[in-house]
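# Observations on chain architecture
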Amino acid sequence: MLRSLSRVFSYVQAERNLKSAVLRSLWSAASVCSDFYLKPTMETKLYKPPQEVRGMTSLNKEAFTQTITVPALRVPNGVLNKVVKSLKKATIQRPGVPRVVQDEEGSSDFRLVLLDPHRISSLSSFSEGEAEALRSFSVVQELRHYELQLTYHNLKSDEVLEAVLPPGQDVPSGFSRVGHIAHFNLRDHQLPYKNLIGQVIIDKNPGVTCVVNKTNMIDTTYRYFKMEVMAGEENMVAKIKENGVTYEFDFSSVYWNSRLSTEHQRVVQLVKRGDTVFDVFAGVGPFAVPAARSGANVLANDLNPESHKWLQHNCKLNKVEKKVRTFNLDGRAFIQGPVKQELPVLLKGKAKVHIVMNLPALALDFLDAFRGLLPQELSCDENLPTVHCYSFSKEDDPDTDVVKRASCSLGFPLKDKCSVHFVRNVAPNKDMLCVSFTIPKEVLFSGDLGKTDPSEEPAPKRQKREEATDSSR
Ligand SMILES: C[S@@+](CC[C@H](N)C(=O)[O-])C[C@H]1O[C@@H](n2cnc3c(N)ncnc32)[C@H](O)[C@@H]1O
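Residues numbered from 1 in each chain as written. Predicted model: local features only at pLDDT ≥ 70, side-chain atom pairs only at ≥ 80, totals over all residues. Heavy atoms only, no water.

Under the annotation held in an unreviewed UniProt entry, the chain carries the name tRNA (guanine(37)-N1)-methyltransferase and is attributed to Champsocephalus esox. According to UniProt, the comment filed for the chain under the heading Catalytic activity (unreviewed entry) is "guanosine(37) in tRNA + S-adenosyl-L-methionine = N(1)-methylguanosine(37) in tRNA + S-adenosyl-L-homocysteine + H(+)". We quote the UniProt Subunit (unreviewed entry) comment for the chain here in full: "Monomer." (UniProt positions renumbered as here; feature names shortened; annotations may be inferred.)

### Some details on the packing of aromatic side chains
For any two aromatic rings, the description comes down to two numbers: the centre-to-centre distance and the angle of the planes. Applying the stated criterion across every chain yields a total of 8 aromatic pairs. Connected via pairs of aromatic rings, a cluster forms that spans Tyr247, Phe249 and Trp256. It is arginine 74 that lies over the ring of phenylalanine 110; its NZ or CZ is 4.0 Å from the centre. It is lysine 430 that lies over the ring of phenylalanine 392; its NZ or CZ is 4.3 Å from the centre. (Phe/Tyr/Trp six-rings, centres within 6.5 Å; stacked < 30°, edge-to-face > 60°. Lys NZ or Arg CZ within 6 Å of the ring centre and 35° of its normal.)

### With respect to the pattern of salt bridges
Overall, the coordinates contain 17 salt bridges when judged by the stated rule. The closest approach of N and O atoms between glutamate 142 and arginine 144, which form a salt bridge, is 2.8 Å. An identical accessibility class is assigned to glutamate 142 and arginine 144; each is buried. The salt bridge partner of glutamate 342 is arginine 325, with a shortest N-O separation of 3.2 Å. Highlighted residues: glutamate 342 in helix α10 (residues 331–348) and arginine 325 in strand β14 (residues 324–327), separated in sequence by 17 residues. Using a relative accessible area of 42% as the deciding quantity, one classes arginine 325 as partly exposed. The structure contains a network of salt bridges with shared partners spanning Arg74, Asp103, Glu105, Glu142 and Arg144. (Salt bridge = Lys/Arg side-chain N within 4 Å of Asp/Glu carboxyl O. Buried < 20%, exposed > 50% of the residue type's maximum accessible area, 1.4 Å probe, protein only. Helix = DSSP H or I, 4+ residues; strand = E, 2+ residues; numbered from the N terminus.)

### A closer look at the UniProt feature "binding site: S-adenosyl-L-methionine" (unreviewed entry) in the chain
As annotated by UniProt and renumbered to match this structure, "binding site: S-adenosyl-L-methionine" (unreviewed entry) occupies His264, Asp302, Leu303, Asp330, Gly331 and Asn358. Counting through the fold element by element, histidine 264 comes out in helix α7 (residues 261–268). Here histidine 264 falls in the buried class, since its relative accessible area comes to 4%. Among all residues touching histidine 264, those that are not within four sequence positions of it are Glu242, Asn243, Pro286 and Phe287. (Contact = heavy atoms within 4.5 Å.)

Have a look at this one:
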């Protein structure tokens, strides 16, 4: 909010120096015409808080206050709205700063329209369209100086952070948000300012009440990052909506990645009413819950007891607890237990069976759990389950890489019998992909784990399993 208005200096003197001939002709009809040249200091200071704030580690909002000078136009009330509309790109655009203020000469018939000094340094700065509009509304061609007090509240977060952090070092530019929690991956040089950064992010982002820094420590099994609160409340239980479904979970102890929402939706759209979904690495339910809402029967599993707890919670929250059976098992035990038990009946039915395996760092290695899962006498060609298995790849040809590794784990060549979907680039030279295929009957019913020859080279390099710096998990 504009705090104080100081003096208005009127520059009402004959125009001598308009640069553009076009503008000159547009404006020459007027008797009084002035040019407005901002002193360089005015221009450079406008969006930069005072030097004293440099190096501040504890936020002192008052230190950011400064008075700046901006150009202004005195406009009759009758045409005010039209003028503001015509000058949309020339008016000052600051959070909490009005574009129109009282006329300091005290006339209630006029208002001052504040202009952006980066755009308007003289009358000749107006575009032809703007100048034409001013002329048609008979606005007197005179630019005034207006002294405006800018405070911390009028600054954007990157302006505050650029002013505080050491010059030349990058400020944290972006963050991800999960409900009320903003999470950062701060660099070492930013750590001394972590409390201040957190407070600024809370102040400048409505709805953010907790800011955390994800440390480089990832829980290797359950895939959640260790994090510390930089500012705000310590409440880590987030409530979010993804594709119309509400989830709640403790962000500090389970896996969640908002960047997977499109992928969750893509897979769930393949599921029809009456189908069965086995979600081997279910997390807090972003495949399982919407699939159940679509009318599928779901068996969802996660090894992390906290994920399992929130998975159950989310089933209740979305009223699908009767459609979802939850398990707290290792993925292999889930495949060789509940999946193995349910499949024989499902194979005889018409409804499809989907098996989702989203643990990209390791899921391909779990595919061997399907080898000989069912006895030979149940062998059939119909209605074999479809697997959607996720993987990271750092190879030049990631599609070929994941197909090779899936084939190797299954002990069966999948080439030409699967599709690969690119999910997202998670780090430089590191992609996340989803390989989808029908489990070959030779795999599911072989009864012999060692006999089948994949007839393909094993992957040249094993994926490095842990990437502490990988924010994707
Ligand atoms: C990448 S997350 C995916 C979660 C969820 N499907 C999603 O898309 O957001 C992988 C999940 O697998 C779980 N997990 C890790 N190792 C596991 C294992 N051996 N067996 C079962 N679940 C496991 C983790 O706890 C985590 O919730």
